[in-house]
Structures are given as C-alpha cells and as structure tokens.
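An overview of the molecular structure
Chain residues, written in single-letter form:
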Amino acid sequence: HLALVKPVSGVDQIHIASSTDEGRTWRMRQLTTGSRPSRYPTLAAGTGTTLHAAWTTYEPIGHVYYARFDGARWGVPAKISPGTAYAGVPAIAADQRGGVHIVWYGIRNEAPQVRTRHGSIYEILYTGLDRGRWSTPIVISSRATTTGRSTPTPRSSSSSRPTSTRAFGWPTASSRSPRSSGRRS
C-alpha cells in the first residue's frame, strides 16, 4: 500500500494505491474529496486487512484527520486534532491489539505565545484510538519554560501506549528487507 498526494481539479487530495500481486498491478482509491487541500499522508497496517491513514487537511489552517479501511471500504474521515490552532504532518502506528497511535506537530490553543517566526511554539502531540475512542491529545515533546530551558513533559505509564521507537533505512543491494534500529524507552 502507498499513500500519495495527487491533484484533483487543481486541489491536492489523498489517494491510496494498493497492490495484491507484489506490485505488478495497482488499484488507486481517492480518500479525500472537496475544495480543501489535503497533504502529508501516512499509513499503518492493522490486524488482518485493516489499514489506517492519517493526513493534514487545510481549512485553511491544517488539522489532522484519520480514516480506517476495513478490507472492503474506507470509513468516513474524522478530524482528530482539537481546537483551531495548526496541527499537521502526522505519523501513525497500529499495535497488535488493534489500537492506533498518532503523533503530529502543532500549536495548542492554550500554548504560551512567544516571539518566533510562527508566533508560537510547535509541540509534538499524541492521541490513541482504543476500543473506538480517541484519547485526549497530550503533549509528548519538551517545551520551553520562562527561563528558556527545556523541560520534559510527563508521560503516562499506561501500557496501551507504544514503548519502543524504530528508525528504518532503505534496503541495500545485499539486503531484501528494511534495516531497523530500535530503542526501548
């Protein structure tokens, strides 16, 4: 499966390309529609034939959206970033229990205003889908204090959140599968 951005009538839209024969043929499905541009798609494979997608739609400010493919059709996209401040460039993961985890960078409405090029502090936020409900987004990045030093944001010790991160590299000529380096937190 591949998520991509393709203009439709001059407006960027999210499309999902899928192949069931190891890439010999592809089927393209348009996921987003309308007059508002959508960009920065990300996909995660769930259990069975389930796929999960997240992306940024500009209304005109970016917001993060999510949709689920059940093996036959895509569900109705849902806005998962709260408020009216910018949220975008999501990353998505699915766990073995059917949970979905999304992070994005954005500006919280209640974030302190500071003098930067963007007018505020960008932070990394996390939300998870468990048993059909999205958790309230939490800040997982460090944030600046009034002294200008960085202070880590407390993290939940809930076992439903992923506890490892992985970075993948492109396969080399001597390797057929992606290399990964994992770190337990």
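Check the entry above for the structure.
Let us look at the structure shown here.

Brief notes about the packing of aromatic side chains
All chains considered together, the criterion is met by 5 aromatic pairs. For the ring pair Y66 and W134, a centre distance of 4.9 Å and an interplane angle of 75° mean the geometry is edge-to-face. Highlighted residues: Y66 in strand β6 (residues 62-69) and W134 in strand β11 (residues 133-134), separated in sequence by 68 residues. On the basis of relative accessibility, which here comes to 27%, the residue W134 falls in the partly exposed class. Cluster of aromatic residues (ring-pair linked, three or more members): Y58, Y86 and Y105.

Thoughts on the nonpolar core
Membership of the largest hydrophobic core comes to 13 residues, with the highest contact counts inside it found for V64, Y66, I80, I92, V100, I102 and W104. Listed by contribution, the elements that provide at least two residues to this core are β6, β8 (87-94), β9 (100-106) and β10 (123-130). In this structure, V64 is in contact with W55, A78, K79, I80, S81, A87, G88, P90, I102 and W104, ignoring residues within four places of it in sequence. Counting residues in each nonpolar core, the second largest holds 11 residues, with I14, A67, F69 and W74 among its members.

What counts and how
Per chain, residues are indexed from 1 in the order of the written sequence. Only residues with pLDDT of 70 or above have their local features reported here, since the model is predicted, and side-chain atom pairs are shown and tallied only from 80 upward, although totals for entire chains, interfaces and linings are computed over all residues. Remark: hydrogens and water are excluded; side-chain values derive from all non-hydrogen atoms of the structure. Centres within 6.5 Å make a pair out of two Phe, Tyr or Trp rings, where for Trp the six-membered ring is used; the pair is then stacked when the planes are under 30 degrees apart, edge-to-face when over 60, and tilted otherwise. For helices the rule is a DSSP run of H or I covering at least 4 residues; for strands it is a run of E covering at least 2, with both sets numbered from the N terminus onward. Exposure is judged per residue with a 1.4 Å probe applied to protein chains only, and the accessible area is read against the type maximum: over 50% gives exposed, under 20% gives buried, and values in between give partly exposed. We define the nonpolar core as a collection of buried residues of types Ala, Val, Leu, Ile, Met, Phe, Trp, Tyr and Cys that are connected through side-chain atoms lying within 4.5 Å of one another. Here a residue-residue contact requires only that any non-hydrogen atoms of the pair lie within 4.5 Å.

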